[in-house]
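Chain residues, written in single-letter form:
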Amino acid sequence: MMAKVLAGDFSLLRGEPPLEYLAKANKLQAQGKDIVRFEIGQPDFDTPENVKEAARDALEKGFTHYVPSLGIPELIEAIRDDIEKTRGFRPKKEQIMVLPGAKPGIFFGLMTTVAMGDEVIYQNPFYFQYDSLIGYMGAKKVQIPLYEKDEFRMTPEQVHERISRDTKLILLNTPQNPTGGVLTKKDVEAIAEMAEENDTYILSDEIYSKMLYDGERHYSPAYLDECSERTIIVDGFSKAYSMTGWRLGYMVAPREIIHNAHNLFADVASCTASFVQKGGVEALRNGQYFVEHIMEHFTRRRKAVVEGLNEIPGFSCIYPKGAFYVFPNIKETGMKSEELALHLLDEAGVCLLPGTAFGSQGEGYLRISYARSVEEIRKGIDRMKTAMEDIL
Ligand code: PMP
């Protein structure tokens with residue numbers, strides 16, 4: 001007998017990005033072909049040694065049992081300090097919940113605020129998970145197209161045109177995946193004010209907030225309500241501390257939201273891994289050196305990738321202000337994004353993602369993750385250039 005679907009339509013889940021395409025890249029690699037991997041959305045650095053040491057020490061000391069489902073007090077304190085330093089306000093303990101990654105923060109943020117039929121405003125191109133969960137929950141998708149001329153920012157004017165009393169939630173992501181776009185102070189303030197006027201929640205995915213270039217600063221919509229009424233911040237350790245496999249993140253939110261998310265999470269998983277949280281404490285307390293170190297690398301890589309892409313016939317690429325992705329425009333090649341991505345895999349041995357993997361607005365673009373060494377970036381770009389010179 002078929003299981004009864006109670007909570008949503010599973011057929012609307014998107015799953016992981018273009019699996020067939022990635023399966024092909026893996027197959028070619030397994031056959032011995034040298035493939036430059038530009039599709040991977042995680043830093044290629046090892047987790048900092050002091051963070052590993054803190055987790056090892058916790059294991060040695062037998063810190064291996066259940067811990068409070070909201071998170072260990074030490075980590076909650078470290079998060080409060082970090083939010084105070086980076087967002088300018090100090091959340092109460094009851095506003096914080098530690099989770100196995102930022103993704104669960106997005107999930108619980110949506111589950112505790114949005115019901116079937118509610119309108120959710122978000123960007124297109126988007127991070128896959130948003131579109132997948134919003135669809136699964138039966139919420140109404142109100143997408144805002146991002147344009148290169150706006151440096152891929154979701155502008156307040158665009159939000160203004162779409163927001164109404166029917167809007168339940170605005171999903172922000174700055175710096176953004178897949179474009180690297182960053183919202184300005186003015187953008188964030190105007191959007192936060194509109195959310196207040198329309199009594200709308202804001203779910204702000206700030207996973208790349210420590211990864212900015214050219215002296216840019218991060219602005220959070222939480223400045224207005226300090227996460228006490230409508231704003232939910234989601235952040236984590238995966239990117240800035242190169243800890244994707246540790247599964248560690250958190251949400252800062254109004255108390256009622258944390259209350260409900262807490263009950264749901266206790267039913268799902270009891271708590272986030274105990275010794276992993278000790279690693280998180282060390283990352284926040286003594287990890288700033290590491291973030292600076294990797295950002296120096298990313299700055300050099302960003303230059304290499306943008307300069308290189310602009311030399312490829314039919315390509316043009318702006319300098320994104322955050323994260324470690326570029327979103328080159330390939331419209332002049334006359335090819336569709338998917339067609340070109342496949343061509344570059346076959347002819348250049350370069351694996352990257354078509355912009356359309358992130359929504360319809362990605363047509364005419366590719367997404368490249370430059371979480372690779374400068375040498376690897378140059379190799380990939382050279383091969384792409386040769387492949388394009390051959391056909392244009
Ligand atoms: N949000 C965005 C925008 C991301 O790009 C990613 C990772 N690709 C995540 C959330 C997931 O982060 P985590 O590994 O902490 O779950």
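Residues numbered from 1 in each chain as written. Predicted model: local features only at pLDDT ≥ 70, side-chain atom pairs only at ≥ 80, totals over all residues. Heavy atoms only, no water.

*Asks:* Would you mind going over the domain arrangement of the protein chain with me for this structure?
*Replies:* Quoted interface sizes are often the accessible area lost when the parts come together. By domain assignment, the protein chain separates into domain 1 (10-46 + 289-389) and domain 2 (65-286). With 40 residues of domain 1 at the interface, the matching set in domain 2 holds 37 residues. In total, about 3,400 Å² of surface goes out of reach between domain 1 and domain 2, with carbon and sulfur atoms giving 60% of it. When the buried surface of domain 1 facing domain 2 is broken down by residue, K321, F358 and Q361 rank first, second and third, together holding 22% of it. The interface formed by domain 1 and domain 2 holds two salt bridges in total. Residues D214 and R302 are paired through a salt bridge, measuring 2.9 Å at the closest nitrogen-oxygen approach. (Domains from an automatic or database assignment. Contact = heavy atoms within 4.5 Å. Buried area = accessible area lost by both parts, 1.4 Å probe. Salt bridge = Lys/Arg side-chain N within 4 Å of Asp/Glu carboxyl O.)

*Asks:* Please clarify how the site of the ligand should be interpreted in this entry.
*Replies:* Every one of the 13 residues lining the ligand counts as a neighbour, but D205, Y208, S238, K239 and R247 are closest to it. Residue composition of the shell around the ligand, by class: five nonpolar, four polar and four charged. (Near = heavy atom within 4 Å. Nonpolar A, V, L, I, M, F, W, Y, C, P; charged D, E, K, R; others polar.)

*Asks:* Is there a simple way to explain the side chain of E148 in this structure?
*Replies:* Structurally, E148 can be placed in the loop between β4 (140-145) and α6 (156-162). Of the side chains with opposite charge, K331 comes closest to the buried, unpaired E148, at an N-O distance of 5.5 Å. At a separation of 2.7 Å, a polar atom in the side chain of E148 contacts the side chain of Y365. In this structure, E148 is in contact with S316, I318, N329 and Y365, ignoring residues within four places of it in sequence. (Helix = DSSP H or I, 4+ residues; strand = E, 2+ residues; numbered from the N terminus. Buried < 20%, exposed > 50% of the residue type's maximum accessible area, 1.4 Å probe, protein only. Lys, Arg positive; Asp, Glu negative; His and termini not counted. Polar contact = N/O pair within 3.5 Å; in protein donor to acceptor, adjacent residues only side chain to side chain.)

*Asks:* Would you explain the environment of V98 in this entry?
*Replies:* On the secondary structure map, V98 appears in strand β2 (residues 96-99). Sequence separation of V98 and G71 is 27 residues, and the distance between their C-alpha atoms is 4.9 Å. In contact with V98, not counting residues within four places along its chain, are S69, L70, G71, L75, I76, I79, L248, G249, Y250, F265, T272 and Q277.

*Asks:* Honestly, the sheet that holds strand β5 (residues 167-173) in this entry has me stumped. Any pointers?
*Replies:* Whenever strands of a sheet pair, they do so through backbone hydrogen bonds, lying parallel or antiparallel. A sheet is described by the order of its strands in space; here seven strands give the open sequence β2-β8-β7-β6-β5-β3-β4, paired in mixed fashion. Bordering the open sheet on either side are β2 and β4, each of which pairs with just one other strand. Looking at each pair of strands side by side, their axes are set apart by 20° on average, direction ignored. In the sheet, β5 pairs with strand β6 (residues 201-205) via five bridges, with the strands oriented parallel. Among the inter-strand pairings, N173 is bridged to a residue of β6, identified as D205. The sheet strands contacting helix α8 (residues 255-268) are β2, β6, β7 (231-236) and β8 (249-252), and the helix crosses β2 at an angle near 30°. (Pairing = 2+ DSSP bridges. Axes fitted to C-alpha atoms, helices over the stretch in contact; angles between N-to-C directions.)

*Asks:* Hey, could you run me through unusual backbone geometry in this one?
*Replies:* Glycine aside, the phi torsion of most residues is negative, and most peptide linkages are trans. Of note, the amide linkage connecting N124 to P125 takes the cis form, showing an omega dihedral of 10°. Inspection of the secondary structure assignment puts P125 in the loop between β3 (119-124) and α5 (128-136). For the peptide bond that leads from T174 to P175, omega is -15°, which places it in the cis range. With respect to the helices and strands, the residue P175 is situated in the loop between β5 and α7 (185-197). Its identity as a non-glycine residue notwithstanding, E226 has a phi of 50°, on the positive side. The exposure class of E226 is partly exposed, given its relative accessible area of 39%. Backbone geometry at C227 places phi at a positive 60°, although glycine is not the residue there. Here C227 falls in the buried class, since its relative accessible area comes to 0%.

*Asks:* Honestly, the nonpolar core in this entry has me stumped. Any pointers?
*Replies:* Buried together is how nonpolar side chains tend to be arranged in soluble globular proteins. By size, the foremost hydrophobic cluster in this structure holds 108 residues, and its most contacted members are M251, F298, L309, F315, L344, L352 and M384. The element that contributes the greatest number of residues to this core is helix α10 (residues 288-309), accounting for nine residues. By size, the runner-up hydrophobic cluster in this structure holds 19 residues, among which are L146, L172, I191 and F327. (Core = buried A, V, L, I, M, F, W, Y, C linked by side-chain atoms within 4.5 Å.)

*Asks:* Please clarify how the pairing of β6 should be interpreted in this entry.
*Replies:* Put simply, side chains in a regular strand alternate between the two faces of the sheet. A large share of β6 lies buried, amounting to four of its five residues. By the bridge criterion, four bridges tie β6 to β7 in an arrangement that is parallel. From the neighbouring strand, D205 faces β7, where its bridge partner is V234.

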